[in-house]
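# Fold and geometry: a report
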Amino acid sequence: MLKLRLSRGGTKKRPVYKVVVADSRFARDGRFIEKVGFFNPLLPKEKKERIGLEAERIKYWLGQGAQPTTRVARILGENELMPMPANGNNPQKSIPK
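Report on the accompanying structure.

Reading guide: rules and limits
- Residues numbered from 1 in each chain as written.
- Predicted model: local features only at pLDDT ≥ 70, side-chain atom pairs only at ≥ 80, totals over all residues.
- Heavy atoms only, no water.
- Helix = DSSP H or I, 4+ residues; strand = E, 2+ residues; numbered from the N terminus.
- Buried < 20%, exposed > 50% of the residue type's maximum accessible area, 1.4 Å probe, protein only.
- Contact = heavy atoms within 4.5 Å.
- Areas by Shrake-Rupley, 256 points an atom, 1.4 Å probe, with all protein chains shown as cover.
- Lys, Arg positive; Asp, Glu negative; His and termini not counted.
- Charge placed at Lys NZ, Arg CZ, Asp CG, Glu CD.
- Salt bridge = Lys/Arg side-chain N within 4 Å of Asp/Glu carboxyl O.

### A word on the overall build of the chain
Each helix and strand in the chain was counted, giving two helices and five strands. The order of α-helices and β-strands along the chain, N terminus first, is β-β-β-β-α-β-α. By its C-alpha atoms, the chain is 40 × 30 × 30 Å across when sized along the principal axes. For the chain, buried positions account for 29% of its 97 residues. Long-range pairs, those at least 24 residues apart, make up 29% of the contacts in the chain with a sequence separation of at least 6. Carbon and sulfur atoms provide 50% of the accessible area of the chain, an area that totals close to 7,100 Å². Side-chain charges of the chain comprise 21 positive and 9 negative groups, with the mean position of each set lying 9 Å from the other.

### A short note on the pattern of salt bridges
On inspection of all chains with the given rule, the structure shows three salt bridges. Across the salt bridge formed by Asp 23 and Arg 25, the nearest N and O atoms sit 2.9 Å from each other. Residue classification places Asp 23 among the buried positions, given a relative accessible area of 11%. Asp 29 is the partner of Arg 28 in a salt bridge, and the nearest nitrogen-oxygen pair spans 2.8 Å. Residue classification places Asp 29 among the partly exposed positions, given a relative accessible area of 40%.

See the structure below:
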């Protein structure tokens, strides 16, 4: 099964992720079919350099049956490439600190 998922790069405590199309049996940072974007979680959410996506290739792979992971689905939903997924059921995240 094909997945759209994040592949970790960068150094220790400074992650940078590639959005890749890979077979679900491959290792997280291992072999992939195509790189279709990147995600830098260290940048502020307002910066456009935080996320870069190749919209046409992502739409092509979604049409071929690739399933995005939860995090990638949220990234794609924020960039309006697919409908935003429903919020998960994690009651611990809703408790204010």
